[in-house]
Amino acid sequence: MPASDDRTREFAFELALCAHLEAETEWLPARQLGAAVVAPGRRIVDICAVVPGPRFDERTAITADTIPTRAIESDVGVGEAVYWRDAFDCSREAARTAVDRAVESGFFERERRGAREYVRRTTRYPEEWFAELVGVENKPDLDAPGALERQLRTDVSLGLFDRVVLATESYVTRAHLNRLPEEAGVWRFDPETGDRTVVREPTPLRTDRPGVELVEERPLRTDVAVVSAAEKARARRRLAERAYGKGWRTYEFPACARADATADGRPRCSHFGRVVDPARECGADCPAREDGDAPDADVAALRDTRTPWVRDPAGVVRRQSGLDRFT
Ligand code: SF4
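Residues numbered from 1 in each chain as written. Predicted model: local features only at pLDDT ≥ 70, side-chain atom pairs only at ≥ 80, totals over all residues. Heavy atoms only, no water.

### Observations regarding the sheet that holds strand β13 (residues 267-269)
The following threshold applies: Strand pairing follows a simple DSSP-based rule, namely that at least 2 bridges must link the two strands. Secondary structure is summarised from DSSP: a helix means a run of H or I of at least four residues, a strand means a run of E of at least two, and numbering begins at the N terminus for each.
Taken together, three strands build an open sheet; the order of strands is β12-β13-β14 and the sheet is antiparallel. Each of the sheet's edge strands pairs with one partner strand only, and the pair in question is β12 (259-261) and β14 (274-275). Pairing geometry for β13 and β14, over two bridges, is antiparallel. When the bridges of β14 are listed, Arg268 appears paired with Val275.

Shown next, in the form of structure tokens:
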């Protein structure tokens, strides 16, 4: 295992901040999600925190998973079941996937009429289930800022998040603040103690107005795209859904006798005495590795206990044998 480098430090910082937000707020933090509209893979935000809204309980009652956007936007309603293929304005394959996932999650139910499959919603989609999306960019060491300024400027000009924050372990100087867009908030966070100081409050962004997305930067030109308020609303819902389904404990614990789980579900190595990134550090080439069982951490149970996310909702499907299963 290499000595702790920038990436392992950022990973441990990110997990510590997610655990802290989970403990100190009602928010639902999730890690590493696409946060652009026109070029979704171009901006991956470190943490997207969902702030519950007035209809949050209606959303948690449906499913613990992500509800596919295509299913939400389809012509499948709560009333009369419709022929599945007629309800989607996309490829057959994409529609099929959306239907299957929506049925699996309990958002759709299906029935067969002759050789045809019909679907309907089990409930209306509660649009106001989230109140805000908070985007957090982590940069433990401000002396190695990388693309930080560009990332924050992109977030501010696009306005997909209601608030955008930089989280750092570094002491934040006036010069640092001056380099960042003034709308971006700044937190100083100590991943060891969990102390978080608000250095600057974020300015709320206008999510209900068109935004400007930085699509590509080349040496002599920068391509941007104007994103309408309606496109942003769709992207925000997709992002909120993905965050709800994904959360932040997305790693596998290593099958190593020296691996442990912290009380809040972070992977810790007793040999190196710190949180580790299993995907990067716990391979066969780790000199201290000792084959053993992976720690017995039930991360879904932890998330259920520590956040408003509901692991195993009763569901809204009217469970009748043969109705919710397509055979
Ligand atoms: S948990 Fe095991 S494999 Fe991972 S860094 Fe520690 S000793 Fe190496």
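### Here's the deal with unusual backbone geometry
Our working rule: Buried means the residue's accessible area, taken with a 1.4 Å probe over protein chains only, is under 20% of the maximum for its type, while exposed means over 50%, and partly exposed covers the values in between.
A positive phi angle, near 55 degrees, is found at Gln32, a position not held by glycine. You can see Gln32 is positioned in strand β1 (residues 28-34). On the accessibility criterion, Gln32 (31% relative accessible area) is partly exposed.

### Some points on the pattern of salt bridges
This is how it is decided: Salt bridge, as applied in this entry: a Lys or Arg side-chain nitrogen positioned within 4 Å of an Asp or Glu carboxyl oxygen.
For the structure shown, the criterion picks out 32 salt bridges. Glu111 is the partner of Arg113 in a salt bridge, and the nearest nitrogen-oxygen pair spans 3.3 Å. Between Asp298 and Arg311 there is a salt bridge, and its shortest N-O distance comes to 3.3 Å. In this pair, Asp298 is assigned in the loop between α8 (278-281) and α9 (299-306) and Arg311 in the segment after α9, connecting sequence segments 13 residues apart. One salt-bridge network, in which partners are shared between bridges, spans Glu73, Glu127, Arg234 and Arg237.

### Quick word on helix α5 (residues 148-158)
So the rule is basically this: Residues are treated as being in contact if the distance between any of their heavy atoms lies within 4.5 Å.
Along α5, the residues that are buried comprise Leu148, Gln151, Leu152, Thr154, Asp155, Val156 and Leu158. Of the surrounding elements, those touching the buried residues of α5 are β6 (130-138), β7 (163-168), β10 (211-218), β11 (221-227) and α7 (229-246). The first or second residue beyond α5 is Gly159, which carries a positive phi of 70 degrees.

### Comments concerning the sheet that holds strand β4 (residues 108-113)
Quick note on the threshold: In this analysis an axis means a line fitted to C-alpha atoms, helices contributing only their contacting stretch, and an angle means the value between N-to-C directions, from 0 to 180 degrees.
The three strands lie next to each other as β3-β5-β4, forming an open sheet whose pairing is antiparallel. Each edge of the open sheet carries a strand with a single partner, namely β3 (82-83) and β4. By the bridge criterion, two bridges tie β3 to strand β5 (residues 116-121) in an arrangement that is antiparallel. Its bridge partner being in β5, Tyr83 is matched across the sheet by Tyr118. Its contacts with the sheet place helix α4 (residues 92-105) against β4 and β5, and it is angled at close to 110 degrees to β4.

### Examining the nonpolar core
What counts here: As used in this record, nonpolar core signifies buried Ala, Val, Leu, Ile, Met, Phe, Trp, Tyr and Cys residues forming a set joined through side-chain atoms within 4.5 Å.
Cys48, Phe88, Phe107, Phe108, Trp129, Leu133 and Phe161 are the most contacted members of the largest nonpolar core, which totals 57 residues. Examining the composition of this core, we find that six residues originate from one element, α4, more than from any other. Apart from the residues lying within four places of it in its own chain, the contact partners of Phe161 are Ala35, Val45, Cys48, Leu133, Val134, Gly135, Asp155, Leu205, Thr207, Arg236 and Leu239. Listed in part, the 23 residues of the second largest apolar core include Ala19, Leu21, Phe189 and Val275.

### Remarks on the packing of aromatic side chains
Given two aromatic rings, their pairing is described by the distance between the two centres and the angle made by the two planes. Inclusion rule: A pair of Phe, Tyr and Trp rings is counted when the ring centres sit within 6.5 Å of each other, with Trp represented by its six-membered ring. The angle between the planes then sorts it: under 30 degrees is stacked, over 60 is edge-to-face, the rest tilted. Put simply, a charge is over a ring when the Lys NZ or the Arg CZ is close to the ring centre, within 6 Å, and near the line of the ring normal, within 35 degrees.
The final tally for this structure, using the stated rule, is 12 aromatic pairs. With a centroid separation of 6.1 Å and an interplanar angle of 40 degrees, the aromatic rings of Phe56 and Trp129 are classed as tilted. Taken together, the residues Phe56 in helix α2 (residues 56-62) and Trp129 in the loop between β5 and β6 connect sequence positions 73 residues apart. Across the pair, Trp129 and Phe56 agree in class, each one buried. Pairing Trp129 with Tyr244 gives two aromatic rings, centres 5.5 Å apart and planes at 80 degrees, and the pair type is edge-to-face. Taken together, the positions of Trp129 in the loop between β5 and β6 and Tyr244 in helix α7 put the pair 115 residues apart, joining distant regions of the chain. Just as Trp129 is buried, Tyr244 falls in that class too. By the ring-pair criterion, three or more aromatic residues cluster together here, those being Phe56, Trp129, Phe130 and Tyr244. Above the face of the Tyr118 ring, Arg113 is positioned so that its terminal group lies 4.2 Å from the ring centre. Lying over the aromatic face of Tyr244, Arg303 brings its terminal NZ or CZ to 5.9 Å of the ring centre.

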